[in-house]
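Descriptive structure summary
Given next are the chains, with one letter for each unit.
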Amino acid sequence: MEKRKKKWGDRRDGWWLRELPGMTQFTPHLYPNRADNEAYINVDIDLRPLDDYLAKKNAGRTEDKYTYFHLISAAIGKAFVLRPKMNRFIAYNRVYQRKYISVAFVVKKKFEDKSEEGLAFQYFDENSTLDGYHQELMQTIHQCRRTDVKDPSSDMMDRLVRLPRPILRLVMHTLFFLDRHGKVPQGIIATDPNYSSIFISNLGSIGLECGYHHLTNWGTNSCFVVIGKKHWTMTYDEAGAQDPHQVIPLGITLDERIADGYYYSGTVALVKELLRHPELLDLPAKTPVEYAIHR
């Protein structure tokens, strides 16, 4: 986490950006709700370079193999390092720069209808590499899948729903007030994906198509990514030659108030470049990458 002297108006999880252009500062007052300010982007990722790379990374491995999810989430994490506006959020009509980069997702303890879910929260920083990120991520996933252990946020929710309804309503009003001011107790939001930089839903792992997913007004998450199941597609080169291949779709929902369309376009271009050349993920996340927005 970056060190910076705290000023009035800063939060536990972010620095208030006071020197932004007037339009950027005024927009949260005009459109105060995150869920009312969504931009949706759909992207297809060519699987051929990923398949080649995964075959090399997984050669000789019998467990904790690298997957599309690991590569895609690491590529998005690296993009957030290199393009810091993506790691902003809006709370109480103010724009904040988040103090850390976090990747969050839901883990099914067992692939059964009655199985519970765990909430996973993984940090990413400028020195992260794919190997280090993968190792930490697998530790988190194994912990989440333990049936005898609950993550802090799920455990706290279990406690809250046992309260009498009038008391629970009062607690919820209080929590939303604290949420606006960045004062929700850490025990409640320790692993809450709605407080992450990047919230990812890997629907492809359960055989579902990619699709839109909304943001929420609770928490600070400004980027929700859905990974769909892979499928075949056809593209054409400049001469009209056909190129059939498999792709994996990404559905990206963003808070359009934190940056403009050109910045988002550059971020998507960077993610696609990283996944065209996944060996770039072996380098520290802060390592610069050349990419072209028009590709």
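Residues numbered from 1 in each chain as written. Predicted model: local features only at pLDDT ≥ 70, side-chain atom pairs only at ≥ 80, totals over all residues. Heavy atoms only, no water.

The subject of this paragraph is the nonpolar core. Counting 55 residues, the largest nonpolar core has Leu71, Ile72, Ile198, Ile252 and Leu275 as the members making the most contacts within it. The element best represented in this core is helix 3 (residues 68-82), accounting for ten residues. Once you skip the residues sitting within four places of it in the chain, Ile198 turns out to touch Ile76, Gly77, Phe80, Ile101, Ser102, Val103, Ala104, Asn221, Cys223 and Val225. Leu160, Val184, Ile188 and Ile189 belong to the second-largest nonpolar core, a separate cluster that totals seven residues. (Core = buried A, V, L, I, M, F, W, Y, C linked by side-chain atoms within 4.5 Å. Buried < 20%, exposed > 50% of the residue type's maximum accessible area, 1.4 Å probe, protein only. Helix = DSSP H or I, 4+ residues; strand = E, 2+ residues; numbered from the N terminus. Contact = heavy atoms within 4.5 Å.)

Right, let's get into the side chain of Ser153. As for its position among the elements, Ser153 is in helix 5 (residues 152-160). In contact with Ser153, other than residues within four places in its own chain, are Leu119, Gly187, Ile188, Ile189, Ala190, Thr191 and Asp192.

So, about helix 2 (residues 48-57). Every buried residue of helix 2 is accounted for by Leu50, Tyr53, Leu54 and Lys57. The buried side chains of helix 2 occupy one side of the element, clustering within an arc of 100° when seen end-on. Those residues of helix 2 that are exposed and angled more than 90 degrees off the buried face are Asp52, Ala55 and Lys56. Residues of helix 2 that are buried sit in contact with strand 2 (38-46), helix 3, helix 4 (130-144) and helix 8 (261-276). (Arc of directions from axis to C-beta.)

With that settled, the discussion passes to helix 4. Here helix 4 is 15 residues long and its end C-alpha atoms lie 21 Å apart, about the 21 Å a rise of 1.5 Å per residue gives. Taken residue by residue, helix 4 has Leu130, Tyr133, His134, Leu137, Met138, Thr140, Ile141 and Cys144 as its buried positions. Across the axial projection of helix 4, the buried residues extend over an arc of 165°, all falling on one side. Elements in contact with the buried residues of helix 4: helix 2, helix 3, strand 5 (101-108) and strand 6 (117-124). (Expected span 1.5 Å × (residues − 1).)

We now examine the packing of aromatic side chains. According to the stated counting rule, one finds ten aromatic pairs in the structure shown. Relative to Tyr96, the ring of Phe89 lies with its centre 5.4 Å away and its plane at 15°, an arrangement referred to as stacked. The exposure class of Tyr96 is buried, given its relative accessible area of 2%. Members of the aromatic cluster, connected to one another through ring pairs, are Tyr100, Phe121 and Tyr123. Taking the ring centre of Tyr66 as reference, the NZ or CZ of Lys57 above it sits at 4.9 Å. Positioned above the aromatic ring of Tyr263 is the side chain of Arg83, whose terminal nitrogen or guanidinium carbon lies 4.0 Å from the ring centre. (Phe/Tyr/Trp six-rings, centres within 6.5 Å; stacked < 30°, edge-to-face > 60°. Lys NZ or Arg CZ within 6 Å of the ring centre and 35° of its normal.)

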